[in-house]
Amino acid sequence: MKRVRFRDTAGNVRGGRWTVEDGEPVVTAAAGPYGRIAFGDESYDPDEVDILPPCEPTKVVCIGRNYADHAEEMDSDLPDRPMLFLKAPNAVASHGKHLTMPSGKERIDYEAELGVVIGEQCRNVSESGAMDVVAGYTCVNDISNRDDQRREQNWVRGKAFDNACPIGPLVATPEHVPEDASIELRLNGETKQSSSREHLIFSVPELITEITSYMTLEPGDVIATGTPEGVGPMDDGDEVEVEIEGIGTLKHSVKIP
């Protein structure tokens, strides 16, 4: 199942199913949204409604350097345990929006990531039971303000500013997303990142076990599992697309004052 949150034509916030008649993709670069969004006996064209973030996390737990090729391009050592940092709810943004970035910065980067959406409150979860607490997967862009990230250790300015975490456009249950699902980011239509979740250093169950040994995860919380090589800067007016096999495409543009 593929679940979406949206604001309907009357202004009501709804949770529905995003369905397609043929094939798996939900949003494509060429065609835009297609299929139908269903809520009860109502049905909407995706262009008719306002797509919202597919969940409402109390926190987004992000993983640093979880692809060996990305660690290499950043001239960093491979971690011996997952590197954790947080983004707060203010950072969450939705599909299809024109997102304003911090002003006066030399470099603000895109980072395509597979997002894991938690389905139930959990703590001290074993690897064998980790998938039982997963509601599904989504697309994430872990936008990074490198100017301030390089100057601080906790990365609040670098990673947790407003609009730093676009999520969406939906949550796909795990059976839709292969173990080797492709992950791609396009900037103004040009592919900049292209990899697969099979190259994660720490798997989804390993991440859930590690994180919940320190903190309670709540329903709707998101784990951003790390980005592959190919990160780079965005400029004012750029169009960004994060496409993950079995989920669809998260699309947004950026405004950099």
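Cut-offs and rules
- All chains use their own residue numbering, which begins from 1 and follows the written sequence.
- Where totals are concerned, whole chains, interfaces and linings use all residues; where local detail is concerned, this predicted model gives features only for residues with pLDDT of at least 70, and gives and counts side-chain atom pairs only at 80 or more.
- Side-chain descriptors were evaluated using all non-hydrogen atoms of the structure, hydrogens and water having been removed beforehand.
- We call Phe, Tyr and Trp rings a pair once their centres come within 6.5 Å, taking the six-membered ring for Trp, and we label the pair stacked below 30 degrees between planes, edge-to-face above 60, and tilted otherwise.
- By definition, any uninterrupted DSSP run of H or I lasting at least four residues is a helix, any uninterrupted run of E lasting at least two residues is a strand, and each is numbered from the N terminus.
- Only protein chains enter the accessibility calculation, which uses a 1.4 Å probe; a residue whose area is less than 20% of its type maximum is buried, one above 50% is exposed, and one in between is partly exposed.
- What marks off one domain from the next here is an automatic or database domain assignment.
- Between two residues, a contact is recorded if the distance between any of their heavy atoms is within 4.5 Å.
- Buried area counts how much accessible surface, traced with a 1.4 Å probe, disappears from two parts once they are put together, with both parts' losses summed.
- Note on definitions: salt bridges are taken to be side-chain nitrogens of Lys or Arg within 4 Å of carboxyl oxygens of Asp or Glu.
- Two N or O atoms form a polar contact when they lie within 3.5 Å of each other; inside protein one atom must be a possible hydrogen donor and the other a possible acceptor, and for residues adjacent in sequence the pair counts only when both atoms belong to side chains.
- Three classes are used, and their members are as follows: Ala, Val, Leu, Ile, Met, Phe, Trp, Tyr, Cys and Pro are nonpolar, Asp, Glu, Lys and Arg are charged, and the others, Gly among them, are polar.
- Should DSSP find at least two bridges between two strands, the strands are taken to pair.
- Helix axes use the C-alpha atoms of the stretch in contact, all axes being lines fitted to C-alpha atoms, and the angles between their N-to-C directions lie in the range 0 to 180 degrees.
- UniProt positions are given in the numbering used here, feature names are shortened, and annotations may be inferred rather than shown by experiment.

Participant: Just to check I follow, could you spell out the packing of aromatic side chains for this structure?
Facilitator: Considering all chains together, one arrives at two aromatic pairs under this definition. Ring geometry for Phe85 versus Trp155: centroids 5.0 Å apart, planes at 70 degrees, classification edge-to-face. Of this pair, Phe85 sits in strand β9 (residues 83-87) while Trp155 sits in the loop between α2 (146-149) and α3 (156-159), and the two are 70 residues apart along the sequence. Phe85 gets classed as buried once you look at its relative accessible area, which sits at 9%.

Participant: Which parts of the structure should I look at to understand the domain arrangement of the protein?
Facilitator: Structurally, the protein comprises domain 1 (1-51) and domain 2 (53-255). Look at where the C-alpha atoms of domain 1 and domain 2 centre, and you get two points 23 Å apart. Listed per partner, the contact involves twelve residues of domain 1 and 20 residues of domain 2. Of the roughly 1,400 Å² buried at the junction of domain 1 and domain 2 (both faces included), carbon and sulfur atoms supply 49%. Where domain 1 packs against domain 2, one counts two salt bridges. Between Asp50 and Lys97 there is a salt bridge, with its nearest N and O atoms 2.6 Å apart. For the pair domain 1 and domain 2, the interface holds eight residue pairs in polar contact (both at pLDDT 80 or more). At the level of elements, β1 (2-7) and β7 (50-51) are the ones that each hand at least two residues to the side of domain 1 that touches domain 2. At four residues, the largest contribution of residues to the side of domain 1 that touches domain 2 is made by β1. Residue classes in the side of domain 1 that touches domain 2 are distributed as seven nonpolar, no polar and five charged.

Participant: Explain the pairing of strand β18 (residues 190-196) to me, please; I cannot follow it from the model alone.
Facilitator: Looking along a regular strand, one sees side chains alternate from face to face of the sheet. In this sheet, β18 lies alongside strand β17 (residues 182-187) in antiparallel orientation, the contact comprising six bridges. Looking at β18, one finds that Leu185 is bridged to Gln193. Counting the residues in the hairpin turn of β17 and β18 gives two residues, including Asn188, whose phi is positive at 55 degrees.

Participant: Explanation requested: the sheet that holds β18 in the structure shown.
Facilitator: The strands making up a sheet are joined through hydrogen bonds of the backbone, oriented either antiparallel or parallel. Strand order in the open sheet formed by five strands is β11-β22-β21-β17-β18, and the pairing between neighbours is mixed. Looking at the sheet topology across the chains shown, the edges are occupied by β11 (98-100) and β18. Ignoring strand direction, the axes of neighbouring strands in this sheet form an average angle of 25 degrees.

Participant: Where do I start with the UniProt feature "domain: Fumarylacetoacetase-like C-terminal" (unreviewed entry) in the protein in this structure?
Facilitator: Sequence positions flagged by UniProt for "domain: Fumarylacetoacetase-like C-terminal" (unreviewed entry) are, in local numbering, residues 59-254. In this annotation, residues 59-254 is assigned 12% helix and 38% strand; the end-to-end C-alpha distance for the span is 23 Å.

Participant: Can you help me understand the environment of Ala164 in this one?
Facilitator: Positionally, Ala164 belongs in the loop between α3 and β16 (165-172). Ala164 gets classed as buried once you look at its relative accessible area, which sits at 0%. Counting along the chain gives 91 residues from Ala164 to Lys255, while the straight-line C-alpha distance between them is 12 Å. When sequence neighbours within four positions are dropped, the list of residues in contact with Ala164 reads Lys87, Ala91, Asn141, Asp142, Ile143 and Lys159.

Participant: Could you clarify how one ought to interpret the sheet that holds strand β20 (residues 232-233) in this entry?
Facilitator: The three strands lie next to each other as β15-β12-β20, forming an open sheet whose pairing is antiparallel. For this open sheet the edge positions go to β15 (144-145) and β20, each flanked by a neighbour on one side alone. The pairing of strand β12 (residues 108-110) with β20 spans two bridges and is classified as antiparallel. Bridge pairing links Tyr110 to Gly232 in β20.

Participant: I'm lost on the side chain of Thr173 in this one. Help?
Facilitator: Secondary-structure assignment places Thr173 in the loop between β16 and β17. Of note is the side chain of Thr173, whose polar atom sits 2.8 Å from the side chain of Glu175. The residues contacting Thr173, other than those within four sequence positions of it, are Met1, Ala135 and Gly136.

Participant: Can you help me understand the pattern of salt bridges in this one?
Facilitator: Proximity of charged atoms lets side chains of opposite charge pair with each other. Within this structure, the stated rule accounts for 18 salt bridges. One salt bridge connects Asp148 with Lys105, and the closest N-O pair in it is separated by 2.8 Å. A residue pair is termed long-range when its members are at least 10 positions apart, and Asp148 in helix α2 and Lys105 in the loop between β11 and β12 qualify at 43 residues. Classification of Asp148 as buried rests on a relative accessible area of 11%. Given a relative accessible area of 29%, Lys105 falls into the partly exposed group. Of the charged contacts in the structure, one is a salt bridge between Lys159 and Glu111, with a shortest N-O distance of 3.4 Å. With Lys159 in helix α3 and Glu111 in the loop between β12 and β13 (112-118), this residue pair connects regions lying 48 residues apart in the sequence. When its relative accessible area of 3% is taken as the criterion, Lys159 is described as buried. Glu111 gets classed as buried once you look at its relative accessible area, which sits at 4%. Connected through shared salt-bridge partners, Lys87, Arg107, Asp109, Glu111, Asp142, Arg146 and Lys159 make up one network.

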